[in-house]
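Descriptive structure summary
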Amino acid sequence: MEFVNPEGFRLDGRRPMEMRRLQAEIGAVANADGSAVFEMGNTKVIAAVYGPREVQNRSQQISDQALVRCEYSMANFSTGDRMRKQKGDRRSTEISLVIRQTMEACILTHLMPRSQIDIFVQVLQADGGTRSACINAATLALADAGIPMRDLVTSCSAGYLNSTPLLDLNYMEDSAGGPDVTVGILAKLDKVTLLQMDAKLPTDIFENVMQLATEGCKAVAHYIREVLLKNTKQLEYRRGV
């Protein structure tokens with residue numbers, strides 16, 4: 001199948017190094033301490049954060065830092081052909097762990113000892129890049145909750161199809177079986193917090209694909225900062241500041 005036509009356009013009309021449209025909304029869950037909806041093209045994710053609060057299970061309490069917990073789920077209606085799965089299936093457990101570890105890299109957990117931070121993310125609509133969208137939604141929800149962080153952690157994927165590096169894969173591209181690299185970074189610190197690859201690549205091509213994904217992460221970080229700034233200005237306007 002041809003994923004990049006002779007004119008240099010992908011199946012959805014984008015150029016190889018062009019991201020999908022980003023859209024986000026803060027405060028989507030009224031009773032959460034922080035929440036956000038984040039969209040990357042047709043992939044739509046909602047995240048809610050609760051905490052820092054008292055640790056529910058005292059045996060899990062950590063004396064010198066906060067306990068971070070994460071639960072990932074995928075709505076049964078998120079894709080047309082998804083089979084109904086029981087809560088806690090292997091893929092959900094693995095992605096929950098990836099998101100938690102990525103978030104722990106940015107949260108200043110030592111400032112909140114003996115407390116607990118719960119992060120819930122759910123995919124409402126899936127069209128590729130769900131892992132990255134979940135991380136971006138969680139970051140925005142954490143910022144909305146006022147959780148202290150070293151930096152915003154953002155994520156994006158890139159792949160290699162038809163001998164061409166492609167940024168921000170959609171479902172059809174992601175399902176093509178080509179190499180796919182998912183990256184998460186602390187943008188200002190320029191530190192990688194997540195790197196996953198599902199196929200082998202020659203070193204030179206891998207470096208190009210990873211660099212492309214990293215640039216995508218930085219673009220997401222720029223967008224999230226704009227969303228947070230806009231939200232701050234709106235709050236100040238309402239308060240008459």
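Reference entry: report on the structure contained in this document.

Rules used throughout
- Residues numbered from 1 in each chain as written.
- Predicted model: local features only at pLDDT ≥ 70, side-chain atom pairs only at ≥ 80, totals over all residues.
- Heavy atoms only, no water.
- Helix = DSSP H or I, 4+ residues; strand = E, 2+ residues; numbered from the N terminus.
- Buried < 20%, exposed > 50% of the residue type's maximum accessible area, 1.4 Å probe, protein only.
- Contact = heavy atoms within 4.5 Å.
- Areas by Shrake-Rupley, 256 points an atom, 1.4 Å probe, with all protein chains shown as cover.
- Pairing = 2+ DSSP bridges.
- Axes fitted to C-alpha atoms, helices over the stretch in contact; angles between N-to-C directions.

**Here's the deal with the overall build of the chain**
For the chain, the count of helices and strands is four helices and nine strands. Listing each helix as α and each strand as β along the chain from the N terminus yields β-β-β-β-α-β-α-β-β-α-β-β-α. Principal-axis analysis of the C-alpha atoms gives the chain an extent of 55 × 45 × 35 Å. Out of the 241 residues belonging to the chain, those deemed buried represent 49%. Put simply, of all contacts in the chain between residues at least 6 apart along the chain, 68% involve residues at least 24 apart. Carbon together with sulfur atoms contributes 49% to the accessible area of the chain, which is approximately 12300 Å² in total.

**Things to note about the sheet that holds strand β3 (residues 43-54)**
Sheet architecture is open: five strands sit in the order β1-β2-β3-β5-β4, paired in mixed fashion. Only two strands of the sheet have a single neighbouring strand rather than two, namely β1 (22-26) and β4 (67-74). Strand-to-strand twist across the sheet, computed as the mean angle between neighbouring axes with direction ignored, equals 15°. Contacts between helix α1 (residues 90-104) and the sheet are confined to β4 and β5 (115-125), with β4 contributing the most and set at about 140° to the helix. Lying over the sheet, helix α2 (residues 130-144) contacts β1, β2 (34-40), β3, β4 and β5, oriented at roughly 150° with respect to β2.

**Structural notes on the sheet that holds strand β8 (residues 180-186)**
Pairing within the open sheet is antiparallel, and its four strands lie in the order β7-β6-β8-β9. Of all the strands in the sheet, the pair left with one neighbour each is β7 (164-167) and β9 (191-197). The mean angle between the axes of side-by-side strands here comes to 25°, regardless of whether they run parallel or antiparallel. Against the sheet, α1 makes contact with β6 (153-161) and β9, and its axis sits at roughly 165° relative to β9, the strand it touches most.

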